Amino acid sequence: MADYPVLEYDVLVVGAGGAGLRAAIEASSTGCKTAVITKSLLGKAHTVMAEGGMAAAMGNVDDRDNWRVHFADTMRGGQYLNNCRMAELHAKEAPARVKELEAWGAIFDRTPDGRILQRNFGGHRYPRLAHVGDRTGLEMIRTLQDHGIHQGIDVYAEHTILNLLMDGTRCVGGFAYDRERGRFKVFHAKAVVLATGGVGRAFQVTSNSWEYTADGQALAFKAGAALLDMEFVQFHPTGMVWPPSVKGILVTEGVRGEGGVLRNKDGKRFMFDDVPENYRSSTADNEEEGWRYTQGDKNSRRPPELLTRDHVARCINREVKAGRGSPHGGVFLDIAWIKEKIPDSVTHIKKKLPSMYHQFKQLADLDITKERMEVGPTTHYIMGGIQVDADTQMSTVAGLFAAGECAAGLHGANRLGGNSLSDLLVFGKRAGEYAAKYAKDHGAGKLTMSQVDEAAKAAVAPFDRGAAGENPFTIQHELQDFMQNLVGIVRIESEMQEALGKIAKLRERAARAGITGNREYNTGWHTALDLDNMLTISEMIALAGIERKESRGGHFRDDYPDKSADWAKYNLRVVQDGNGRPKVEHVTVVPLTDEMKQVIEENK
């Protein structure tokens with residue numbers, strides 16, 4: 001048995017994005033000794049790329065807004081497969097979490113009378129997103145990071161958890177390696193919070209950063225936790241499509257919230273052609289009304305560009321396939337047109353969308369104040385993830401908690417824009433609070449070093465195979481290619497079955513992956529270690545996609561294009577079978593209370 005350093009903590013938080021930092025702050029505030037492990041550098045978590053804002057029904061711009069409307073919007077957007085208790089907690093607690101962030105130093109855009117300004121976003125009935133231009137995620141991370149530093153939290157930057165450590169059926173820590181020097185470390189903890197984000201790097205075109213390799217979801221599953229809603233992957237409708245080097249980089253929904261419109265190659269605003277029945281009464285039927293809505297007219301309805309992301313993405317996909325797309329395989333997003341409405345539109349756009357202006361100017365040599373952007377769908381978010389208790393955020397494994405994108409429940413079949421950032425705050429706080437309580441109530445579990453030795457042996461195996469082994473980068477590229485094409489925006493059973501066959505073959509090849517060089521910052525080694533997580537979760541997405549024989553939210557089946565009343569009753573849960581393989585189960589959707597039913601009825 002090798003002699004690895006063993007680091008003792010009450011609460012171990014894996015991930016330093018919004019959910020992870022908020023969980024760590026909460027756990028530390030109770031007196032628990034808390035550590036944060038981040039795959040990247042502190043302050044560089046993918047949360048910084050969230051641009052448009054955080055949804056919270058504060059009613060600062062439209063006083064008709066309240067938690068009841070926000071709850072109803074979230075449930076409608078999620079096609080009623082949401083965990084309704086999580087949606088209720090989120091809608092009720094989000095305003096307090098935003099104000100708390102403000103008290104900790106976050107600088108928000110302001111209304112004329114000094115309150116936090118809120119903007120329009122897809123699927124939200126009223127202007128609800130508190131924002132800082134289009135750099136809201138960056139401000140959130142800056143604020144949480146600055147506040148957290150003073151809590152006495154230990155931060156381990158550029159570290160990756162390879163395995164969760166178990167005492168029977170209880171999670172008691174994690175086995176990690178230092179990415180810079182390649183040294184192994186053992187973290188022994190009374191409670192563990194996973195806040196590792198999403199799975200986008202399993203797809204070819206994605207807005208997600210390099211860290212999003214499904215680590216938390218796969219770690220939890222291998223430890224015995226159940227996963228939920230894995231078929232529901234969100235393709236954000238607007239990612240950059242040109243030049244190729246930036247394909248997939250996010251173009252915030254805030255562009256459309258500020259009046260940007262989608263046009264095909266003929267200049268037509270095609271979104272007016274397809275408005276779902278359940279949104280028809282709340283969607284503008286002419287361009288002038290849609291414009292007035294973006295400018296704060298309370299008597300106007302939202303433009304169709306602000307329908308839910310799944311619907312807008314499919315409409316864009318339809319235009320491209322019909323030959324009405326832009327030159328590089330997308331459509332046009334036009335904010336420059338507002339010069340017809342606003343005298344000094346150039347200054348207005350630069351003030352409202354500073355990051356978008358600089359992003360396109362620097363990466364595509366395009367001036368969005370004068371020219372149209374080319375955009376198209378990009379893999380953005382997974383609604384599915386680790387099944388958690390709505391109130392405590394504990395998974396089905398004792399001592400293991402999850403929050404943020406790696407957890408499931410709040411968003412159902414489709415996430416509304418802006419709900420993600422407030423999700424991080426609301427459930428990050430709850431995960432940290434209840435992880436600390438669990439740590440105090442249960443003490444330290446037993447650490448079995450034989451688990452550590454097995455994990456270490458598996459981790460260094462790619463070095464033993466050397467240059468004769470399979471290239472891990474090639475395997476990852478092939479996975480991304482067929483997941484995009486076979487388990488992407490539009491799905492059919494035969495293609496998803498084909499994907500499962502390809503995943504099985506890639507798993508065999510991944511077991512033979514080999515690398516050269518040493519353990520100090522070896523990107524080939526990092527990729528080889530990421531492969532198993534990405535393959536594990538990709539298989540679950542395909543399995544759940546095959547099982548759900550209907551179209552709903554982020555899951556669209558070309559062979560089952562309609563919603564099914566029967567399927568509306570079930571979530572799909574993935575658990576281990578007797579051999580440790582994924583097995584898909586049907587579980588009844590958490591039932592609405594009578595009060596919730598009334599709230600939804602009031603806000604139809």
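These remarks concern the structure in this document. Every value quoted in this text rests on a predicted model; they were computed, and no experiment measured them.

**Here's the deal with the nonpolar core**
Grouped burial of nonpolar side chains is what soluble globular proteins tend to show.
Argument step 1. Among the nonpolar cores identified, the biggest contains 117 residues, and Leu 194 and Ile 541 are the most heavily contacted of them.
Argument step 2. If one sorts the elements of this core by residue count, helix H11 (residues 419–442) sits on top with ten residues.
Argument step 3. Among the domains, domain 1 (6–234 + 380–449) and domain 3 (460–588) are the pair contributing at least three residues each to this core.
Argument step 4. Ignoring anything within four residues of it in the chain, the contact list for Ile 541 reads Val 199, Phe 203, Met 230, Glu 231, Val 233, Ile 382, Met 483, Val 487 and Arg 491.
Argument step 5. Counting residues in each nonpolar core, the second largest holds 30 residues, with Phe 270, Val 275, Val 312 and Ile 342 among its members.

**Observations concerning unusual backbone geometry**
What you tend to see is this: most non-glycine residues have negative phi, and most peptide bonds are trans.
Argument step 1. For the bond running from Trp 242 to Pro 243, omega is -5 degrees, close enough to zero to count as cis.
Argument step 2. Looking at where Pro 243 falls in the secondary structure, it is placed in the loop between strand S11 (233–240) and helix H6 (254–257).
Argument step 3. Backbone geometry places Tyr 80, a non-glycine residue, at a positive phi of 65 degrees.
Argument step 4. Among the structural elements, Tyr 80 can be located in the loop between helix H2 (67–77) and helix H3 (84–103).
Argument step 5. Relative accessible area serves as the criterion here: at 33%, Tyr 80 is assigned to the partly exposed category.
Argument step 6. Despite not being glycine, Asp 365 shows a phi value in the positive range, around 50 degrees.
Argument step 7. Here Asp 365 lies in the loop between helix H10 (354–364) and strand S14 (373–382).

**Looking at the sheet that holds S14**
Argument step 1. If you walk across this open sheet you meet the four strands as S11-S14-S13-S12, and the pairing is antiparallel. Strands at the two margins of the open sheet, each flanked by one partner only, are S11 and strand S12 (261–263). Here the average twist between neighbouring strands, direction ignored, is 45 degrees.
Argument step 2. Sheet topology places S11 next to S14; six bridges connect them, and they run antiparallel. By the bridge assignment for S14, His 236 is matched with Thr 378.

What counts, and where the lines are drawn
One numbering rule holds for all chains: residues counted from 1, following each sequence as written. Since the coordinates come from a predicted model, pLDDT governs what is reported: local features require at least 70, and pairs of side-chain atoms require 80 or more to be given and counted, while whole-chain, interface and lining totals use all residues. Side-chain numbers here rest on the full set of heavy atoms in the structure, without hydrogens or water. Here, nonpolar core means buried Ala, Val, Leu, Ile, Met, Phe, Trp, Tyr and Cys residues that are tied together by side-chain atoms lying within 4.5 Å of each other. Any residue under 20% of the maximum accessible area for its type is buried, any over 50% is exposed, and the rest in between are partly exposed; the area is computed with a 1.4 Å probe on protein chains only. Comment: elements are numbered from the N terminus, with helices defined as DSSP H or I runs of at least four residues and strands as E runs of at least two. An automatic or database domain assignment supplies the start and end points of every domain. Only heavy atoms enter the contact rule, under which two residues are in contact if any of them lie within 4.5 Å. Here, any two strands with at least 2 DSSP bridges between them count as paired. Axis geometry follows a simple rule: fit a line to the C-alpha atoms, using only the stretch in contact for helices, then measure angles between N-to-C directions, giving values from 0 to 180 degrees.

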